[in-house]
Amino acid sequence: MKWYAGSDHAGLELRRELVDALRARGEEVIDLGPESTESVDYPDYAKSVCAKVIEEGALGLLICGTGNGIAISANKVKGIRAALATDAFTARMARLHNDANVIVFGARVVGAGVAVDALNAFCDAKFEGGRHQRRVDKMMAIE
Ligand code: RB5
């Protein structure tokens, strides 16, 4: 799968670890930054990552301090289903039931070990469809 990754300054370090973890699995990742810890605004990175996710049918990885600001921003983009993951269970279910196309982490909430574990669970899971497709369709009809 092709991935696009982005964060704000608070998420930079965890983003780098997660991008490495994705590449170690053989995933193609385009990292859209930022490249320094200078303060930036998370909606800017949510917007650029989500635009590419929609344009290319890719997956997205977004990180900020809590994960909330960048997740809320991402979910404003038409076609995006961004899920805030706190562990492997929430990450797996985001894919199985919600068909999430963006996974989000809070770098001030989860450690790198938990986040890598969750990201792997997300990658290993596949949307189950069926009754979940109906719910996802209704979710997207709200847009
Ligand atoms: C930045 O200080 C912080 O507000 C941001 O990373 C995030 O937690 C917002 O939701």
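Note that the coordinates shown come from a computational prediction; the quantities given were computed from them, not determined experimentally.

(A) Region of the structure containing the site of the ligand. Around the ligand, the surrounding shell consists of Asp8, His9, Ala10, Tyr42, Cys64, Gly65, Thr66, Gly69 and Arg108. One of the backbone nitrogen or oxygen atoms of Gly65 is found 2.7 Å away from an oxygen atom of the ligand. In this structure, an oxygen atom belonging to the ligand sits 3.4 Å away from a side-chain N or O atom of Arg108. Surface burial for the ligand is 71%, taken as the share of its 290 Å² of free accessible area covered by protein chains. Class assignment of the residues belonging to the shell around the ligand gives a composition of three nonpolar, four polar and two charged.

(B) Structural detail: the pairing of strand S3 (residues 59-64). Burial analysis of S3 places six of its six residues in the buried class, the great majority of the element. Going residue by residue along S3, you find Leu59, Leu61 and Ile63 tucked away on one face and Gly60, Leu62 and Cys64 tucked away on the opposite face as well. As paired strands, strand S1 (residues 2-7) and S3 are joined by five bridges and run parallel to one another. From the neighbouring strand, Ser7 faces S3, where its bridge partner is Ile63. As defined by bridge partners, S3 adjoins strand S5 (residues 102-106) across five bridges and the pair is classed as parallel.

(C) Just the pattern of salt bridges, in detail. Overall, the coordinates contain 10 salt bridges when judged by the stated rule. In this structure, Glu35 engages Arg16 in a salt bridge whose closest nitrogen and oxygen atoms are separated by 2.6 Å. Of this pair, Glu35 sits in the loop between strand S2 (28-31) and helix H2 (42-56) while Arg16 is found in helix H1 (residues 12-24), placing the two residues 19 residues apart along the sequence. In this structure Glu35 comes out as exposed when scored by relative accessible area, which is 53%. A single salt-bridge network, built from bridges that share partners, covers Lys2, Lys52, Glu55 and Glu56.

(D) View of the nonpolar core. With 23 residues, the main nonpolar core has Trp3, Leu18, Leu61, Ile103, Phe105, Leu119 and Phe122 as its most contacted residues. Listing elements by their share of this core, those giving two or more residues are S1, H1, S3, helix H4 (88-96), S5 and helix H5 (112-124). Not counting residues up to four positions away in its chain, the partners in contact with Ile103 are Trp3, Gly60, Leu61, Leu62, Ala83, Ala85, Ala91, Ala118, Leu119 and Phe122. Counting residues in each nonpolar core, the second largest holds 15 residues, with Ala46, Val49, Val53 and Ala71 among its members.

Definitions and cut-offs
Residues numbered from 1 in each chain as written. Predicted model: local features only at pLDDT ≥ 70, side-chain atom pairs only at ≥ 80, totals over all residues. Heavy atoms only, no water. Near = heavy atom within 4 Å. Polar contact = N/O pair within 3.5 Å; in protein donor to acceptor, adjacent residues only side chain to side chain. Areas by Shrake-Rupley, 256 points an atom, 1.4 Å probe, with all protein chains shown as cover. Nonpolar A, V, L, I, M, F, W, Y, C, P; charged D, E, K, R; others polar. Buried < 20%, exposed > 50% of the residue type's maximum accessible area, 1.4 Å probe, protein only. Helix = DSSP H or I, 4+ residues; strand = E, 2+ residues; numbered from the N terminus. Pairing = 2+ DSSP bridges. Salt bridge = Lys/Arg side-chain N within 4 Å of Asp/Glu carboxyl O. Core = buried A, V, L, I, M, F, W, Y, C linked by side-chain atoms within 4.5 Å. Contact = heavy atoms within 4.5 Å.

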